[in-house]
Amino acid sequence: MCGRFTLNQSAASLAQVFHVEPVSDLAEYNIAPTQMVATVLQNPESEKREFKQLHWGLIPSWAKDAGMGAKLINARAETVAEKPSFRSAFKHRRCLVLADGFYEWQRQQGKKQPFYFRLQDGQPFAFAGLWEKWRSPADEEIISCTILTTAANELLQRIHERMPVILEPQDYDLWLDSQVQTPETLQQLLHPYPAPAMTAYPVSTLVNNARHNSPECIIPLNDKNAPANQLN
């Protein structure tokens with residue numbers, strides 16, 4: 001699964017990578033479920049990309065209450081086209097969830113040790129996401145999203161069996177295009193990201209508490225002055 005991630009980037013960097021603006025500087029080191037997350041959607045009328053903050057935890061349009069979203073922070077790529085909670089959004093409402101790293105935990109001597117994963121070049125990237133619009137009986141509207149997951153690559157396998165789907169930049173347009181609805185076409189994009197392009201290292205258990213949102217969350221555990229090292 002993907003339960004925590006980061007996005008610490010300037011507005012200029014995000015605009016350059018994702019071809020969208022306006023967008024503000026972001027400094028998020030411990031993004032957790034039910035919080036607002038940065039996403040990019042494609043406007044079906046103008047066909048232009050739009051930056052939006054969405055509620056993390058997808059609430060299906062038919063849900064009786066918003067609480068269902070807390071259980072739907074992730075969707076398995078292998079079954080997303082079939083599950084009632086996701087299949088409509090998979091066809092019609094896909095998005096990019098912006099990030100520059102994410103956390104996974106490994107049980108060590110009875111404790112859960114967090115590890116931080118990012119790209120080797122430190123650039124921001126996009127998780128494959130779905131979005132949905134829900135309206136409460138009191139006419140409150142919530143636009144929410146979920147992050148797709150797939151089998152872990154070689155780097156993550158030591159820590160967790162799953163990983164979030166990181167899309168290749170050349171696939172952003174296809175993923176956002178609501179006219180593309182064939183599951184077979186979309187499924188081809190939902191594969192593990194190449195392990196050699198990523199790096200990982202252990203970090204402080206500060207990140208275990210979602211209230212901690214500071215640069216200390218991503219500092220390497222063993223040497224606070226050292227650059228991030230890839231897992232051996």
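Our structure is the block above this text.
Residues numbered from 1 in each chain as written. Predicted model: local features only at pLDDT ≥ 70, side-chain atom pairs only at ≥ 80, totals over all residues. Heavy atoms only, no water.

Any two side chains of opposite charge can pair, given that their charged atoms come close. By the definition in use, this model includes five salt bridges. A salt bridge links E132 to R93; its shortest N-O distance comes to 3.0 Å. You can see E132 sitting in strand β9 (residues 125–135) and its partner R93 sitting in the loop between α2 (87–92) and β6 (94–99), a full 39 residues away along the chain. Residue E132 is classed as buried on the basis of its relative accessible area, which comes to 7%. The partner of R135 in a salt bridge is D139, with the nearest N and O atoms 3.2 Å apart. (Salt bridge = Lys/Arg side-chain N within 4 Å of Asp/Glu carboxyl O. Helix = DSSP H or I, 4+ residues; strand = E, 2+ residues; numbered from the N terminus. Buried < 20%, exposed > 50% of the residue type's maximum accessible area, 1.4 Å probe, protein only.)

Taken as a whole and assessed by the stated rule, the structure comprises zero disulfides. C2 forms no disulfide, and the closest cysteine sulfur to it belongs to C145, at a distance of 11 Å. Between C217, a free cysteine, and C2, which holds the nearest cysteine sulfur, the sulfur-to-sulfur gap is 15 Å. (Disulfide = S-S within 2.5 Å.)

So, about the pairing of strand β4 (residues 49–56). The pairing of strand β3 (residues 36–42) with β4 spans seven bridges and is classified as antiparallel. For V37, the partnering residue across the bridge sits in β4 and is L54. The turn linking β3 back onto β4 is made up of six residues, and E47 within it adopts a positive phi angle of 60 degrees. Strand direction decides the pairing type here: β4 and strand β10 (residues 141–151), joined by two bridges, are parallel. In the strand pairing of β10, H55 is matched with S144. (Pairing = 2+ DSSP bridges.)

This model, assessed by the stated rule, comprises ten aromatic pairs. Geometrically, the ring pair formed by F5 and F127 is edge-to-face, given 5.4 Å between the ring centres and 90 degrees between the ring planes. With a gap of 122 residues between them, F5 in strand β1 (residues 5–9) and F127 in strand β9 connect regions that are remote in the sequence. Here the two residues F5 and F127 agree in accessibility, since each one is buried. With 5.8 Å between their ring centres and 65 degrees between their planes, Y116 and Y201 make a pair best called edge-to-face. Separated by 85 residues along the polypeptide, Y116 in strand β8 (residues 111–119) and Y201 in strand β12 (residues 198–202) bring together distant segments of the chain. The exposure class of Y116 is buried, given its relative accessible area of 3%. You can call Y201 buried: its relative accessible area is 6%. By the ring-pair criterion, three or more aromatic residues cluster together here, those being F5, W56, F102, F117, F125 and F127. (Phe/Tyr/Trp six-rings, centres within 6.5 Å; stacked < 30°, edge-to-face > 60°.)

Taken by themselves, the reported measurements are silent on function.
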